[in-house]
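If you want the building blocks of each chain, they are given just below.
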Amino acid sequence: MAVVKLRFQDALAVGLGAMVGAGLLSSPAAATASAQSWVGVAVVLAAALALANAFSSARLAAAFPASGGTYEFARPTLGPDWGFAAGWLFLVGKSWAAGFVAATAGGMMAAAVPGLHGWLVAVGALIIAVAANLLSI
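Enquirer: Give me the lowdown on the overall build of the chain, citing residues and values where you can.
Expert: Along the backbone of the chain there are 6 helices and 0 strands. N-terminal to C-terminal, the α/β element order of the chain is α-α-α-α-α-α. When burial is assessed residue by residue, the chain has 13% of its 137 residues classed as buried. Sequence-distant contacts, at least 24 apart, represent 46% of the contacts inside the chain between residues at least 6 apart. With the model as given, the accessible surface of the chain reaches about 9900 Å², and the carbon-plus-sulfur share is 75%.

Pasting the structure below:
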């Protein structure tokens, strides 16, 4: 299997795509209702934070061009124990986020298609995502 190394622009695009995609999928109506008249400020702040996150992730990926993500970034700078913890926390966080996005998609599909069970869509989406990762897609 060929190893593909991401350039700065590639890593930035992947990070922004994931954040923007999850943000658009996850209940903008509820977020708007919570922010009320501050919704404009909230969107600008969220965009600035997402951009800062994407830039820092892209810079780390460019500085540490090895497979392993957060673990590879944290291990040489913080030590093996903190690197291990950072890797696991990243994995838990991404797993939680994937579940949230899948549940949101399932809820949206269930609302659009009468009789469809949202949890089945969510479980199916997670199974497809796991299979794609296992197949290195």
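Here the narrative resumes.
Enquirer: Which residues make up the confidence of the model for the chain, and what values do they have?
Expert: Looking at the chain, pLDDT values average 80 and 82% of them are 70 or higher. Mean pLDDT in the chain bottoms out at helix 1 (residues 8-25), which sits at 68, and peaks at helix 6 (residues 118-134), which reaches 89.

Enquirer: Lay out the side chain of glutamate 72 in plain terms, naming residues and giving numbers.
Expert: With respect to the element layout, glutamate 72 can be found in helix 4 (residues 70-78). A distance of 3.0 Å separates a polar atom in the side chain of glutamate 72 from a polar atom in the side chain of arginine 75. Discounting residues that sit within four places of it in the chain, glutamate 72 has contacts with Phe64, Ala66 and Ser67.

Enquirer: Let's hear about helix 4: which residues, and what values?
Expert: One full turn of an α-helix is made of 3.6 residues, so residues set three or four places apart face in the same direction. For helix 4, the complete set of buried residues consists of Glu72, Phe73 and Ala74. Buried residues in helix 4 make contact with helix 3 (39-63) and helix 5 (80-112). Remark: glycine 79 follows helix 4 within two positions and exhibits a positive phi of approximately 105°.

Enquirer: Could you give an account of the pattern of salt bridges, naming the residues involved and the relevant values?
Expert: Tallied over the entire structure, the rule returns 1 salt bridge. When the shortest N-O distance is used, the salt bridge between arginine 75 and glutamate 72 registers 3.0 Å. Of the two residues, arginine 75 and glutamate 72 are both situated in helix 4; the distance of 3 residues between them amounts to about one turn of the helix.

Enquirer: Let's hear about the packing of helix 4 against helix 5: which residues, and what values?
Expert: Running from N to C, helix 4 and helix 5 point in directions that differ by 160°, and their axes come no closer than 7 Å. Put simply, helix 4 runs roughly antiparallel to helix 5. Considering only the axes of helix 4 and helix 5, their crossing is right-handed. Contacts between helix 4 and helix 5 involve Thr70, Tyr71, Ala74, Arg75 and Leu78 on the former and, on the latter, Pro80, Trp82, Gly83, Phe84, Ala86, Gly87 and Phe90. Grouping the constituent residues of the contact of helix 4 with helix 5 by class yields 8 nonpolar, 3 polar and 1 charged.

Enquirer: I'd like a rundown of the packing of helix 5 against helix 6, residues and numbers included.
Expert: Between helix 5 and helix 6, the shortest axis-to-axis distance is 7 Å and the interhelical angle comes to 140°. Here helix 5 lies oblique to helix 6, going by the angle between them. Helix 5 and helix 6 meet at a crossing whose hand is right-handed. Of helix 6, the residues touching helix 5 (which contributes Ala98, Gly99, Ala102, Ala103, Ala105, Gly106, Gly107, Met109 and Ala110) are Gly118, Val121, Ala122, Ala125 and Leu126.

Enquirer: Pulling in residues and values, what's your account of a nonpolar patch on the surface?
Expert: A contiguous nonpolar patch, built from Tyr71, Phe84, Trp88, Leu91 and Val92 and spanning about 510 Å² of accessible area, is present on the exposed surface. With 4 residues, helix 5 is the largest single contributor of residues to the nonpolar patch. In this structure, phenylalanine 84 sits in helix 5.

Conventions and cut-offs
- Starting afresh in each chain, residues are numbered from 1 along the sequence in its written order.
- Residues qualify for local features only when their pLDDT is at least 70, as the model is predicted, and side-chain atom pairs are given and counted only at 80 or more; totals for whole chains, interfaces and linings, by contrast, use all residues.
- Computation of side-chain values covers all heavy atoms of the structure but excludes hydrogens and water.
- Going along the chain from the N terminus, every DSSP run of H or I of four or more residues is numbered as a helix, and every run of E of two or more is numbered as a strand.
- Note on exposure labels: buried denotes an accessible area under 20% of the residue type's maximum, exposed denotes more than 50%, and partly exposed covers the range between, all computed with a 1.4 Å probe on protein chains only.
- Contacts are assigned to residue pairs with any non-hydrogen atoms lying within 4.5 Å of each other.
- Each accessible area is a Shrake-Rupley estimate made with a 1.4 Å probe; only the visible protein chains count as cover when residues are assessed.
- As a per-residue measure, pLDDT reflects the predictor's confidence and takes values from 0 up to 100.
- Polar contact is defined as a pair of N or O atoms within 3.5 Å, subject to the rule that within protein one atom must be able to donate a hydrogen and the other to accept it, and that residues adjacent in sequence are counted only when both atoms are side-chain atoms.
- Any Lys or Arg side-chain nitrogen located within 4 Å of an Asp or Glu carboxyl oxygen qualifies as a salt bridge.
- Lines are fitted to the C-alpha atoms to define the axes, a helix being fitted only along its stretch in contact, and any angle between axes, read from their N-to-C directions, falls within 0 to 180 degrees.
- Angular relationships are summarised with four words: roughly parallel below 35 degrees, roughly antiparallel beyond 145, roughly perpendicular across 65 to 115, and oblique for the angles in between.
- Helix crossings get a hand from a simple test, with the near helix turned counterclockwise from the far one by less than a right angle marking a left-handed crossing and a clockwise turn marking a right-handed one.
- Residue polarity is assigned by list, with Asp, Glu, Lys and Arg as charged and Ala, Val, Leu, Ile, Met, Phe, Trp, Tyr, Cys and Pro as nonpolar; anything else, Gly included, falls into the polar class.
- By definition, no residue in a patch forms a salt bridge, and every one has over 30% relative accessible area; like charges are joined within 9 Å, nonpolar side chains (Val, Leu, Ile, Met, Phe, Trp, Tyr) within 5 Å.

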